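The residues making up each chain are set out below.
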2 protein chains.
Amino acid sequence: MTDDALRLHAGRYAYNVYEDKCPTRQVLERLADKWALLILDRLETGPQRFNGLKREIKQITQKVLTQTLRKLERDGLVTRTVYATKPVTVEYALTALGATLTETVAALAHWAEQNMDAVAAAQAAYDAQEARQAELQKRVHRL
Amino acid sequence: MTDDALRLHAGRYAYNVYEDKCPTRQVLERLADKWALLILDRLETGPQRFNGLKREIKQITQKVLTQTLRKLERDGLVTRTVYATKPVTVEYALTALGATLTETVAALAHWAEQNMDAVAAAQAAYDAQEARQAELQKRVHRL
DNA sequence: CGGCATCCATCCTGATACTG
DNA sequence: CAGTATCAGGATGGATGCCG
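Residues numbered from 1 in each chain as written. Chains lettered and ligands numbered in written order. Predicted model: local features only at pLDDT ≥ 70, side-chain atom pairs only at ≥ 80, totals over all residues. Heavy atoms only, no water.

- As annotated in an unreviewed UniProt entry, chain A carries the name Transcriptional regulator and is attributed to Comamonas terrigena.

The structure is reproduced here in structure tokens:
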């Protein structure tokens, strides 16, 4: 068995995100970002201009939007096209590679919307339980 | 049209992650985390002990693992069960709610493994292009 | 084993000002 | 319009030591 075959057998792929030295870690790190996910999700419906994205993704700053777009561009997930209008127009769009991600990204980004009520209930229960424990601690301390 | 109906019509759901004040943002923020994704993915195959997770998710520290597990527990995605062995055994497992996420999480976590080569190629092309631009800048500067 | 508490470095973010 | 540059400070992460 070759080395590659071994790794393919053991880890399903030649790469393994569970390994810290694996380059996939850096890629996952970039995808596992609130803003990157929202941008990719927003581009699913078609190309968008810089300020269009900034307007729709509430609370993102110009700096962070630029940074995130650059990273996505470097990883080959989005393209950046400059039109020589006056003033310039810049359009961002998904690449074919980026498009392979959108379904997954959309699922994750919108899971929160669909399950918000359940999450909120869980949080309330957790916090109530924590408060009860804290109360117990105080009583024990008094003894 | 009621307020809710309006929002359902405009945003597909009553919640909208694109809004900064929406509670779904915080949930997405917690999911959009490298470690949270790896933990959820790891739990898909069944309950895991604390140190088991720590061992398999390479490079995660005890502190971060604890923090992340607490957040996931608070959001109702994982359960924490303590067994009164000596010393104690703590087992983490997915809740039903958490289980609804694993397919999506797995897709995202492993997308990197499957597309690493394409991403690496894109990065190389991007970096080469950048280097060329920098070279041009130096020449312009000399004039 | 499965944590918590503390300290410290640093990375990231927000705010602001300027440009082609 | 679509950025770049800079700087202060707040959150975050690692290292370490202790505990039931």
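### Describing the relation of the copies chain A and chain B
Thought 1: Superposing chain A onto chain B takes a rotation of 180 degrees plus a shift of 0.0 Å along the axis, which leaves an RMSD of 0.0 Å. Look at the turn and shift together and you get a two-fold axis relating the two. Relative to the rotation axis, the C-alpha of Ala 32 of chain A is the closest in chain A, positioned 2.3 Å from it.
Thought 2: Mapped onto chain B, 100% of the interface residues of chain A again fall at the interface, so both copies present the same surface. (Least-squares fit on C-alpha atoms with pLDDT ≥ 70 in both. Contact = heavy atoms within 4.5 Å.)

### Focus on the protein's contact with DNA strand C
Thought 1: The environment of DNA strand C is made up of 15 residues, and the closest members are Lys 63 of chain A together with Gln 62, Thr 66, Arg 80 and Tyr 92 of chain B.
Thought 2: The sugar-phosphate portion of DNA strand C accounts for 58% of its atoms within 4 Å of the protein, the bases making up the rest.
Thought 3: Arg 70 of chain B is positioned with one of its side-chain polar atoms (N or O) 3.1 Å from a phosphate oxygen of DNA strand C.
Thought 4: Between a phosphate oxygen of DNA strand C and a side-chain N or O atom of Tyr 92 of chain B, the distance comes to 2.7 Å.
Thought 5: Listing elements by their share of the surface near DNA strand C, those giving two or more residues are helix 5 (62-74) of chain A together with helix 4 (50-56), helix 5 (62-74) and strand 3 (89-94) of chain B.
Thought 6: Among the elements that make up the surface near DNA strand C, the one with the highest residue count is helix 5 of chain B (4 residues).
Thought 7: Tallied by class, the residues present in the surface near DNA strand C amount to 6 nonpolar, 4 polar and 5 charged. (Near = heavy atom within 4 Å. Polar contact = N/O pair within 3.5 Å; in protein donor to acceptor, adjacent residues only side chain to side chain. Helix = DSSP H or I, 4+ residues; strand = E, 2+ residues; numbered from the N terminus. Nonpolar A, V, L, I, M, F, W, Y, C, P; charged D, E, K, R; others polar.)

### Quick word on the sheet that holds strand 2 (residues 78-83) of chain B
All names here are of chain B.
Thought 1: Pairing in this open sheet of 3 strands is antiparallel, and the strands run 1-3-2 from one edge to the other. If you trace the sheet from one side to the other, it starts and ends with strand 1 (48-49) and strand 2, each paired once.
Thought 2: As paired strands, strand 1 and strand 3 are joined by 2 bridges and run antiparallel to one another. Paired with Gln 48 across the two strands is Tyr 92, which belongs to strand 3.
Thought 3: Docked against the sheet, helix 3 (residues 34-43) engages strand 1, strand 2 and strand 3, running at close to 90 degrees with respect to strand 3. (Pairing = 2+ DSSP bridges. Axes fitted to C-alpha atoms, helices over the stretch in contact; angles between N-to-C directions.)

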